[in-house]
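As a plain string of letters, each chain reads:
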Amino acid sequence: MTAELYLRQPKAAAEQSEYDGASSKINFIREQIEDEDFTTAMESELDDLLSTWTGYRKSLRSYISSGDGSKELPSPPKD
């Protein structure tokens, strides 16, 4: 294992953890929508949340695939 890969391991674990957390949040929002577990007023909020979290996960995927650990992770959205 090269020194670069060795140094990158903790950051890669943090990246994967953030990605998994975003996926979990997206799944939770989707389940609420699928189960119609919301009031009419909340529906647009859930759609907005889903869009925001999906965009965040796309940013994480792009960050991870670039392999450039010198930059900061994208910031997660506020709930």
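Reading guide: rules and limits
Residues numbered from 1 in each chain as written. Predicted model: local features only at pLDDT ≥ 70, side-chain atom pairs only at ≥ 80, totals over all residues. Heavy atoms only, no water. Helix = DSSP H or I, 4+ residues; strand = E, 2+ residues; numbered from the N terminus. Buried < 20%, exposed > 50% of the residue type's maximum accessible area, 1.4 Å probe, protein only. Contact = heavy atoms within 4.5 Å. Areas by Shrake-Rupley, 256 points an atom, 1.4 Å probe, with all protein chains shown as cover. Expected span 1.5 Å × (residues − 1). Polar contact = N/O pair within 3.5 Å; in protein donor to acceptor, adjacent residues only side chain to side chain. Phe/Tyr/Trp six-rings, centres within 6.5 Å; stacked < 30°, edge-to-face > 60°. Core = buried A, V, L, I, M, F, W, Y, C linked by side-chain atoms within 4.5 Å. Lys, Arg positive; Asp, Glu negative; His and termini not counted. Salt bridge = Lys/Arg side-chain N within 4 Å of Asp/Glu carboxyl O.

1. Some details on the overall build of the protein
- Along the backbone of the protein there are two helices and zero strands.
- When burial is assessed residue by residue, the protein has 20% of its 79 residues classed as buried.
- Residue pairs in contact within the protein that sit at least 24 positions apart in sequence constitute 58% of those at least 6 positions apart.
- In the form shown here, the protein has an accessible surface area of approximately 5700 Å², with 51% of it arising from carbon and sulfur atoms.

2. Describing helix α2 (residues 40-66)
- Look at α2: 40 Å from first C-alpha to last across 27 residues, which is about the 39 Å you get at 1.5 Å a residue.
- Among the residues trailing α2, Gly67 stands out with phi positive, at a value near 70°.

3. Considering the side chain of Ser23
- Inspection of the secondary structure puts Ser23 in helix α1 (residues 3-34).
- Within the structure, Ser23 has its side chain in polar contact with the side chain of Arg57 (distance 3.1 Å).

4. What to know about the packing of aromatic side chains
- Per the stated rule, a full pass over the model turns up one aromatic pair.
- Judged by centre distance (5.6 Å) and plane angle (85°), the ring pair of Trp53 and Tyr56 falls under edge-to-face. Of this pair, Trp53 and Tyr56 both sit in helix α2, three residues apart, which is roughly one turn of the helix. Accessibility classification places Trp53 together with Tyr56 in one group, the buried group.

5. Focus on unusual backbone geometry
- A positive phi angle, near 55°, is found at Glu36, a position not held by glycine.
- Relative to the helices and strands, Glu36 resides in the loop between α1 and α2.

6. Some words on the nonpolar core
- Counting nine residues, the largest nonpolar core is built from Tyr19, Ala22, Ile26, Ile29, Leu46, Leu50, Trp53, Tyr56 and Leu60.
- Only α1 and α2 provide two or more residues apiece to this core.
- In terms of residue count, the dominant contributor to this core is α2 (five residues).

7. Points about the environment of Leu50
- Note on placement: Leu50 falls in helix α2.
- By relative accessible area, Leu50 is classed as buried at 18%.
- Sequence separation between Leu50 and Arg30 is 20 residues, and the spatial gap between their C-alpha atoms is 7.4 Å.
- Other than its neighbours up to four places away in sequence, Leu50 contacts Ile26, Ile29, Arg30 and Ile33.

8. Some thoughts on the side chain of Arg57
- As for its placement among the helices and strands, Arg57 is situated in helix α2.
- Asp20 is the oppositely charged side chain nearest to the buried, salt-bridge-free Arg57, at an N-O distance of 8.4 Å.

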